[in-house]
Amino acid sequence: MSMGASTPEPAALAGRVILVAGANGALGESVARACVSAGANVVLLGRRVPRLQRLHDALVAMGSQPAIYPLDLLGASAADYAQMAARIGEACGRLDGIVHAAAEFQGLTPLANTEPVEFAQALHVNVTAPFALTQACLPMLRRAADSAVVFVLDDPARVGRAYWGGYGVSKFALRGMMQVWADELENSPVRVSALQPGPMQTGLRAKAFMTEPPGTWPPADAYAGACVHLLSPAGAAHRGQVWTPRIDGSQPPAVAVSIDLPMAPAGGVS
Ligand SMILES: NC(=O)c1ccc[n+]([C@@H]2O[C@H](COP(=O)([O-])OP(=O)(O)OC[C@H]3O[C@@H](n4cnc5c(N)ncnc54)[C@H](OP(=O)(O)O)[C@@H]3O)[C@@H](O)[C@H]2O)c1
C-alpha cells in the first residue's frame, strides 16, 4: 500500500520505548509490530492477557523484549496509572512514546436509547483514561530528549452524526484534549499529535457495519507506519495536529455498502 511520507525509516524508533494502549486491538497490534520493526521496544497494555501473551511471543520471535501490562481502562484509577508508570520506569528505564489505540464502542445506538452508564463508560475509556495515563507518564516523557503522545481519532464527518453515541462524542473530546495537551507541552520535548485513520477492517468497524464484505477497507496494518512516523522525530512536522494519511483503498467504495442500524429509522450514516 502506498503511504507516501508516512513510510518510516527502518530505524526510526531505535532505542526508544513505546507504550501501546489497546495492544489487543487491530490497530494496537499492528502499531506494536511496526514499532518493533522500527527498532523500538514496546510495552503492551490491554485487558486480555492471552491475546497480549500471543503478541508478546510474536514480538519476541522478531528479536524484541516486549513487556506486558494487563489493565482494564474502565476500572483503572490514578493510583493504577502511577503504579504502571513506576513499573515501566523500573523495567525499561525510560519512556519515549505512547499510542492510545484502545477504544470503547458498543455499536450504533440512538442517544435516546443509550443508558447513561454506557455513555459515561465510552467517555471514560476513550477520554478520561488516556488523559490519566498520559498524565502519569508525563515525567518520564519529559525526561526523554524527544518523545511523543499519539491519540487516535475518528472522522468527525462520520462519528458526529446520528447513532454514534458516546463513542462519537468521545472522539470530539479527544480531539480537543490533544490540542490542549499540545499547547501546554509546546515548549517541552513531548510532541502531542493525533492520527485519524480512514475506515479499517477491524472488529470495531464490524460493530457498526456488520454486513460489510471483508476487504472493503484496508486492514489496520495500513496505518501502522503512519503511527510510527508520528512517534519518530520526523513526526515533529505534525506536532499539535491531526494527521489523516492518504492510504490506497481508503476512499469510499464505488458501490455503497449497506449500513446496519438495528434501532434506527431510515436516513442512515456514512
Ligand atoms: N476501525 C476503524 O474503521 C477506525 C476508524 C477510525 C478510527 N479508529 C480508531 O482506531 C483505534 C483502534 O481501533 P480498532 O479499529 O483497532 O478497534 P479494535 O480492534 O476493536 O481495538 C480496540 C481495542 O480497545 C480495547 N479496549 C476497549 N475497552 C478497553 C478497556 N476498558 N481497557 C483496555 N482496552 C480496551 C479493546 O480491547 P478488547 O480486545 O479487550 O476488547 C480492543 O483491543 C480506536 O481509537 C478507533 O476509534 C478506527
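Below: a short report on this structure. (Residues numbered from 1 in each chain as written. Predicted model: local features only at pLDDT ≥ 70, side-chain atom pairs only at ≥ 80, totals over all residues.)

### Quick look at the site of the ligand
Part 1 of the reasoning: As a matter of local geometry, the ligand sits amid 27 residues, with N24, G25, A103, T202 and L204 nearest to it.
Part 2 of the reasoning: Mapped onto the shell around the ligand, the elements with two or more residues apiece are α1 (26–37) and α7 (203–208).
Part 3 of the reasoning: Classifying every residue of the shell around the ligand gives 14 nonpolar, seven polar and six charged. (Near = placed C-beta within 6 Å. Helix = DSSP H or I, 4+ residues; strand = E, 2+ residues; numbered from the N terminus. Nonpolar A, V, L, I, M, F, W, Y, C, P; charged D, E, K, R; others polar.)

### Focus: the environment of V127
Part 1 of the reasoning: Looking at where V127 falls in the secondary structure, it is placed in helix α4 (residues 116–143).
Part 2 of the reasoning: For the pair V127 and A76, spaced 51 residues apart in the sequence, the C-alpha separation amounts to 13 Å.
Part 3 of the reasoning: Once residues within four sequence positions are removed from consideration, V127 is found in contact with S170, A173, L174 and M177. (Contact = placed C-beta atoms within 7 Å.)

### A short note on the environment of P10
Part 1 of the reasoning: Mapped onto the secondary structure, P10 falls in the segment before β1 (17–21).
Part 2 of the reasoning: Judged by C-beta crowding, with 9 C-beta atoms within 10 Å, P10 ranks as exposed.
Part 3 of the reasoning: Along the chain, P10 and S37 lie 27 residues apart, while their C-alpha atoms are 6.8 Å from each other. (Buried ≥ 20, exposed ≤ 12 C-beta atoms within 10 Å, placed from the backbone.)

### A short note on the pairing of strand β2 (residues 41–46)
Part 1 of the reasoning: For β2, a buried count of six out of six residues is recorded, marking the element as mostly surrounded by other parts of the structure.
Part 2 of the reasoning: The side-chain alternation of β2 yields two buried faces, one formed by N41, V43 and L45 and the other by V42, L44 and G46.
Part 3 of the reasoning: Two elements, β1 and β2, share five bridges in a ladder whose sense is parallel. Counterpart to V17 in the pairing with β2 is N41.
Part 4 of the reasoning: Between β1 and its parallel partner β2, the chain crosses via α1, and the hand of that crossover is right-handed.
Part 5 of the reasoning: With four bridges connecting them, β2 and strand β3 (residues 67–70) associate as parallel partners. Note that in β3 the partner of L44 across the bridge is I68.
Part 6 of the reasoning: A crossover connection joins β2 to the parallel β3 through helix α2 (residues 49–61); in handedness this β-α-β unit is right-handed. (Pairing = 2+ DSSP bridges. Right-handed = clockwise from strand over helix to strand, strands pointing away.)

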